[in-house]
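Coordinates in review
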Amino acid sequence: MPTPSGALLGTEYVVPEEERDRPGELAPREGYAELIGRLSHQSVVKHFDAYADVPWDDPEFRIDPEDPRWELSPDDVLGGTAWYRSQPQGVRARLGLHMMATFMKIGLQFEGVLKRGLLEFALRLPNGSPEFRYAYHEIIEEAQHSLMFQEFVNRTGFDIPGLVWWQRLGARQVVRFGRTFPELFFVFVLGGEDPIDHVQRMALREREQLHPLLRRIMQIHVTEEARHLCFARHYLKEHADRLGPLRRLALSLRAPFILAIMAQLMMRPSPQIVRAYGIPRDVIREAYTRNPVHRARTLDALRKVRQLCAEIGIVSPGAVRLWKLLGIWEPGAQAVTA
Ligand SMILES: [Fe+2]
Ligand SMILES: [Fe+2]
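Figured I'd write up the structure that's included with this text. (Residues numbered from 1 in each chain as written. Chains lettered and ligands numbered in written order. Predicted model: local features only at pLDDT ≥ 70, side-chain atom pairs only at ≥ 80, totals over all residues. Heavy atoms only, no water.)

A word on the coordination of the iron ion (ligand 2). Protein-derived ligands of the iron ion (ligand 2) are Glu142 (OE), Glu193 (OE), Glu225 (OE), Glu225 (OE) and His228 (ND1), with the metal-ligand distances lying across 1.8 to 2.4 Å. Positions of the donor residues of the iron ion (ligand 2), expressed as sequence spacing, correspond to E-x50-E-x31-E-x2-H. Separating the iron ion (ligand 2) from the iron ion (ligand 1) is a gap of 3.5 Å, which Glu142 spans by donating to each of them. One end of the pair, Glu142, is in helix α5 (residues 130-156); the other, His228, is in helix α8 (residues 212-239), and 86 residues separate them in sequence. Here Glu142 matches His228 in class, with each residue buried. (Donors = N, O, S within 2.8 Å, 3.2 Å for Na, K, Ca; no water. Helix = DSSP H or I, 4+ residues; strand = E, 2+ residues; numbered from the N terminus. Buried < 20%, exposed > 50% of the residue type's maximum accessible area, 1.4 Å probe, protein only.)

Within the protein, the atoms that donate to the iron ion (ligand 1) are Glu111 (OE), Glu142 (OE), His145 (ND1), His221 (NE2) and Glu225 (OE), at distances of 2.0 to 2.4 Å. Each donor residue of the iron ion (ligand 1) lies on one chain, and together they are spaced E-x30-E-x2-H-x75-H-x3-E.

With that settled, consider the pattern of salt bridges. Counted under the stated rule, the structure contains 16 salt bridges. The partner of Arg201 in a salt bridge is Asp197, with the nearest N and O atoms 3.0 Å apart. Note that Arg201 and Asp197 are positioned in helix α7 (residues 182-206) at a spacing of four residues, about one turn of the helix. For Arg201, a relative accessible area of 24% gives the class partly exposed. The exposure class of Asp197 is buried, given its relative accessible area of 2%. Its salt-bridge partner being Glu330, residue Arg303 comes within 2.4 Å of it at the nearest N-O pair. (Salt bridge = Lys/Arg side-chain N within 4 Å of Asp/Glu carboxyl O.)

And the structure:
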């Protein structure tokens, strides 16, 4: 039965509408290996270079930390607070740029884990596997993204530490999953890529005053991420069915933790920013912790991956309790549908 996020028909897939126009001209129905082949081909005909395809030194692309285009919009959960609006214009712009640079730093550290995990994943693939070629295309693309993100961070002038020690420790574990538990690894991949993709697509669609440098970086990123998301989803659809009961249970219990952590990393200011700008605790509560709008946006960003988890049968009624406990369950959502 076709579902909103695509359907498994034996070894044949109905490619969902939104994925059809994203990674290129994917046929409405195709086998798993064929789909991987097409994604690999797209990587050859439609790819970007961090330096050749971004005019870093164009005066229009220059970063001025006090440029009003870096300011958070009144629609933003922090940007809409009275505290933020009462800051001087220069501070509002700096804080917005600082947050953007932090997301890029975390993004490139996430991509570092992703690349290392994909190398581990590729290590165990047999000769002739179409996934090997695809995985290497994705590693190359992620390396270009990381060059682009780090160049942006450098040009902002902010010294951003990125992940803290316990997150780096967790990241090392995730790298190993690329080889030992690829299904869990690809849930992690979607947990990082889906929310970033969602936020970037929204910004490209809705923010008229986007700095041209940011617009260019986001355009390149969403174009290539479409392939990565498509691969991760279809890998899970193809392989999750073959898991034994213990692994399936482990996947269903670990997925919500991974997704809850990843979504927050990508959608909240880092502790460094909170300290640097002296954001009062009650402002953080107002904007994030107790804000139904922030909660709704987080659920929105996670919706696709949650639907996929249900589709591949890892959202059992028991697991739903965990999702709820972690605050990432959407009222009215369905448990296992597969
Ligand atoms: Fe990326
Ligand atoms: Fe990616």
